[in-house]
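What follows is each chain in one-letter form.
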Amino acid sequence: MLTGKYKYLTYSAVTAFFLCFFLSGNAQEVPIVKIQPDSVSVKVKKDAPDGFLSKLLYYLSPRKYVEKFIATNKILDTIPPKTRDTLLNLRLKSTLAYDFEKVKPLGLKTEDVWDTINKIRYLPPVQQKGPLTHVVYGYHPYWMGTAYKSYNFSLLSRLAYFSCELNPATGDFTTTNNWASTPLVDLAHSGGCKVDLCITSFGADKHHQFFTNPQAQDRCISNIIGLLELRGGDGVNIDFENIPKVYRSQFTGFIQKLRTALDQKDTSLFLTIAIPAVDWANVFDVVAMAPSVNYFIIMGYDFYGKNSRTAGPNAPLHSDPLWGELNITKSVQYYFDLGILKNQILLGLPYYGKEWETDKPTFPATVFEFRGSKTYREIARNYADFYEGYFDTISSTSYYIFRKDNIWVQCWTDDELSLHYKYNFVLKSDIAGVAIWALGYDNGYTELWDLLARKFSGEAGPEIYVMTKEDSLKLLKKSLLAVMNESIIDDENNTIAEEDAMPFIQEFRENLNSYYRIATLVLVVLLIFTSIGFFVSISDYNVRDILFNTEVRLYMFLFLLLTLVIVILRILGIIINRDIVLILGLLFGIFTMFVIGSITRMKRGKKSELRP
């Protein structure tokens, strides 16, 4: 049996270990991609977090690896780590699916209720004149309520109402989300815009039920025709995601049967399909489906997202060498090589961005936590007025880097500047046009409508400023100086330090930054020589007797020694900020149990004194 101070020290160690164990439980699930012979699975295990101490505590913890399998087919084992992260992200659900699942628990509501939830603003649209030079296809999510009242329908060729949710067991729809009653259809038609009905189905299990049931497929096609007839719809958009490869031929057959049924009803009805940026599972037989499909919509986004280890551009136009191998340009070329005609391709582009908590203000930065997607209007409302935005010329993506609640945050987003470059790519590629996810995500702002007018309707107007590589490097340098000097939003009064400060203030900031580096170097040298002198001095018995003859002094010495070690390890980069949190947890556990032990001993001492 343990007694006395040894018992309390043991309790302290155990308490501290379990506290650190729970803190280390925030490890991210990251992909470990392996090829197994005759296998169609990707093995994903819960990997250890970054940092020396985090890894040590993780591997000592009793938690076992969490393994799960994701249906897939083809993976290259030689791709770089950044691309590997992106690859797994592309295999998972698109933002369309994530947005849908986020609002689905709220249930079926009227458009007026959705307006209240999303604070929809109505701005009378200015109708542009002149025919569109390319196809402009937009998705309207049902949860954006009556945001369509502000749409400039003269700048839209077609609009997809998102969505009717397929019941795979029967071929019916679990809900049509106000399709039968929304005024959107008539309003769009009056503005010269065609309206398609989007049919959605997400998940391998659902596709297994649906594609093994020919009766459900036939009933689904019949229901689609009926819903189009109900509202005078002009076509159907199919967004089926995570289809297992074994159903490649069944999906192709379903599309061909749907095309036949649409032609029997009206040959002018359109059929469009959303396809991933790269068809890794080889599900979409685009060559066989091409005669049946009017447009293939390449989802040119989600290259970085929830499952990425590093923060990065959501829709990179180019990427090498900074952002891995995958990008929009290569995705379009990928489908060219498969044999899709240029006039059948629409490039899907985002009206939203992605946000992460990261370990540093530079990039690529390691992700601590994914904070979710941010719509164009969220960023315009909450960031544009308080933080300075910057631009990455490699990916043609705008970004914000700032410090919030003592945490570095990176938000990579598409806006007027980034879409300017991507629309130019569409024009130069000679593909059919663009598709937008999602209309209404810019509600309350008109800049993106103005950009569509300038690019695709020949509408005269001031051209957007084209940024050179040199301009981008200057902005990057400025952004890093700003964040390193704490030029960030004040959480209490929502004000920000002036960027255009007086020259002597800017000079002071630069000097302060230099003084900081010098002070750090002096501190390191001082710590080294102080440590050497201290350890030499305690080689003397008398010094040790003075320093360690009481328990309090011993604990103070251990605390100072541990602090010194933490500082040195952090400077050397062996531990990271999250490791420091774990160490503090360890210290807190030891300190708490020491206090409890001291109080307990004092009470026991008083009781023993009162005994006769």
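Everything quoted here is computed from the prediction, not taken from an experiment. (Residues numbered from 1 in each chain as written. Predicted model: local features only at pLDDT ≥ 70, side-chain atom pairs only at ≥ 80, totals over all residues. Heavy atoms only, no water.)

Asker: How would you sum up the overall build of the chain? Please name residues and give values.
Answerer: A tally of regular secondary structure across the chain gives 19 helices and 19 strands. Burial analysis of the chain (612 residues in total) assigns 48% to the buried set. Long-range contacts, defined as pairs at least 24 residues apart, comprise 71% of the intrachain contacts of the chain with a sequence gap of at least 6. Here the chain displays about 29900 Å² of accessible surface, and carbon together with sulfur accounts for 60% of that area. (Helix = DSSP H or I, 4+ residues; strand = E, 2+ residues; numbered from the N terminus. Buried < 20%, exposed > 50% of the residue type's maximum accessible area, 1.4 Å probe, protein only. Contact = heavy atoms within 4.5 Å. Areas by Shrake-Rupley, 256 points an atom, 1.4 Å probe, with all protein chains shown as cover.)

Asker: Give me the environment of Leu187: which residues, what numbers.
Answerer: Considering the arrangement of structural elements, one finds Leu187 in helix α6 (residues 184-190). A residue is classified by how much of its surface remains accessible, and Leu187, at 34% relative accessible area, is partly exposed. Between the C-alpha atoms of Leu187 and Tyr148, which are 39 residues apart in sequence, the distance is 8.6 Å. Look past the residues within four positions of Leu187 in its chain and what remains in contact with it is Tyr148, Lys149 and Phe153.

Asker: Requested: an account of the sheet that holds strand β13 (residues 367-375), with residues and values cited.
Answerer: Ordered in space as β13-β12-β16-β15-β14, the five strands form an open sheet in which the pairing is antiparallel. The sheet terminates laterally at β13 and β14 (390-392), the two strands that pair on one side only. Taking each pair of neighbouring strands and ignoring which way they run, the sheet shows an average axis angle of 25 degrees. (Pairing = 2+ DSSP bridges. Axes fitted to C-alpha atoms, helices over the stretch in contact; angles between N-to-C directions.)

Asker: Outline the nonpolar core, listing residues and values.
Answerer: Judged by nonpolar contacts, the single largest core of 123 residues is most densely connected at Ile238, Phe240, Phe251, Ile273 and Tyr423. The greatest single-element share of this core, amounting to seven residues, is contributed by helix α8 (residues 214-231). The residues touching Phe240, leaving out its near neighbours within four places in the chain, are Leu166, Ile199, Thr200, Ser201, His207, Phe210, Phe211, Phe251, Phe254 and Phe284. In terms of nonpolar packing, the next biggest core, distinct from the first, is built from seven residues, Tyr387, Tyr400, Val409 and Cys411 among them. (Core = buried A, V, L, I, M, F, W, Y, C linked by side-chain atoms within 4.5 Å.)

Asker: Requested: an account of the packing of aromatic side chains, with residues and values cited.
Answerer: For the structure shown, the criterion picks out 40 aromatic pairs. With centroids separated by 6.2 Å and ring planes inclined at 70 degrees, the aromatic side chains of Trp143 and Trp437 adopt a geometry described as edge-to-face. With Trp143 in the loop between β4 (135-141) and β5 (158-166) and Trp437 in strand β17 (residues 433-437), the pair connects residues that are 294 residues apart, well separated along the chain. No difference in accessibility class separates Trp143 from Trp437, as the two residues are buried. Its end group placed over the ring of Phe270, Arg158 keeps NZ or CZ at 4.0 Å from the ring centre. (Phe/Tyr/Trp six-rings, centres within 6.5 Å; stacked < 30°, edge-to-face > 60°. Lys NZ or Arg CZ within 6 Å of the ring centre and 35° of its normal.)

Asker: Let's hear about the pairing of strand β10 (residues 295-299): which residues, and what values?
Answerer: Most of β10 sits inside the fold, with five of its five residues counted as buried. Of the two faces of β10, both are covered, the one formed by Tyr295, Ile297 and Met299 as well as the one formed by Phe296 and Ile298. Relative to β10, strand β9 (residues 270-275) is paired through four bridges, and the arrangement is parallel. The residue of β10 that forms the bridge with Ile275 is Ile298. You can see the chain leave β10, run along helix α11 (residues 328-338) and come back into strand β11 (residues 345-350), and the turn it takes is right-handed. (Right-handed = clockwise from strand over helix to strand, strands pointing away.)

Asker: Break down the pattern of salt bridges for me, citing the residues and quoting the values.
Answerer: Summed over all chains, the structure comprises twelve salt bridges. In this structure, Arg454 and Glu416 form a salt bridge, with 3.0 Å as the shortest nitrogen-oxygen distance. With a gap of 38 residues between them, Arg454 in helix α14 (residues 447-456) and Glu416 in helix α13 (residues 416-429) connect regions that are remote in the sequence. The exposure class assigned to Glu416 is partly exposed, which follows from its relative accessible area of 24%. (Salt bridge = Lys/Arg side-chain N within 4 Å of Asp/Glu carboxyl O.)

Asker: Please give an account of the packing of α13 against α14 that cites residues and values.
Answerer: Contact geometry for α13 and α14: axes closest at 11 Å, N-to-C directions at 25 degrees. Taken together, the axes of α13 and α14 lie roughly parallel to each other. Helix-helix and strand crossings are classified by hand; for α13 and α14 the assignment is right-handed. Residue-level contacts link Glu416, Leu419, His420, Tyr423, Asn424, Val426 and Leu427 of α13 to Glu447, Leu448, Leu451, Leu452, Arg454, Lys455 and Phe456 of α14. Across the contact of α13 with α14, the residue classes tally to eight nonpolar, two polar and four charged. (Parallel < 35°, antiparallel > 145°, perpendicular 65-115°, else oblique. Left-handed = near helix turned anticlockwise from the far one by under 90°. Nonpolar A, V, L, I, M, F, W, Y, C, P; charged D, E, K, R; others polar.)

Asker: I'd like a description of α14, backed by residues and values.
Answerer: In terms of residue burial, α14 counts as a mostly covered element, since eight of its ten residues are buried. Within the span of α14, buried status applies to Leu448, Trp449, Leu451, Leu452, Ala453, Arg454, Lys455 and Phe456. The elements touched by buried residues of α14 are β4, α12 (376-382), α13 and β17. The positive-phi residue at the C-terminal boundary of α14 is Gly458, with phi of around 70 degrees.

Asker: Describe the pairing of β4, listing the residues and the values that go with them.
Answerer: Taken across its seven residues, β4 has seven buried, putting it largely inside the fold. Along β4, one buried face is formed by Val135, Tyr137, Tyr139 and Pro141 and the opposite face, lined by Val136, Gly138 and His140, is buried too. When β4 meets β17, the two strands line up parallel, connected through four bridges. Bridging from a neighbouring strand, Val136 pairs with Val434 of β17. In this structure, β4 lies alongside β5, joined through five bridges in parallel fashion. Following the sheet pairing, Gly138 is matched in β5 by Leu159.

Asker: Describe the packing of α11 against α13, and please don't skip the residues or the numbers.
Answerer: For any two helices packed against each other, the geometry is given by the interaxial angle and the distance between the axes. Where α11 meets α13, the closest approach of the two axes is 11 Å, and the angle between their N-to-C directions is 25 degrees. As far as their axial angle goes, α13 and α11 are roughly parallel. As for the relative orientation of α11 and α13, their crossing is right-handed in sense. Residues Ile328, Thr329, Val332 and Phe336 of α11 form the contact with α13, whose participating residues are Lys422, Phe425 and Ser429. Looking at side-chain class alone, the contact of α11 with α13 contains four nonpolar, two polar and one charged residues.

Everything listed is a geometric property; what it means functionally is a separate question.
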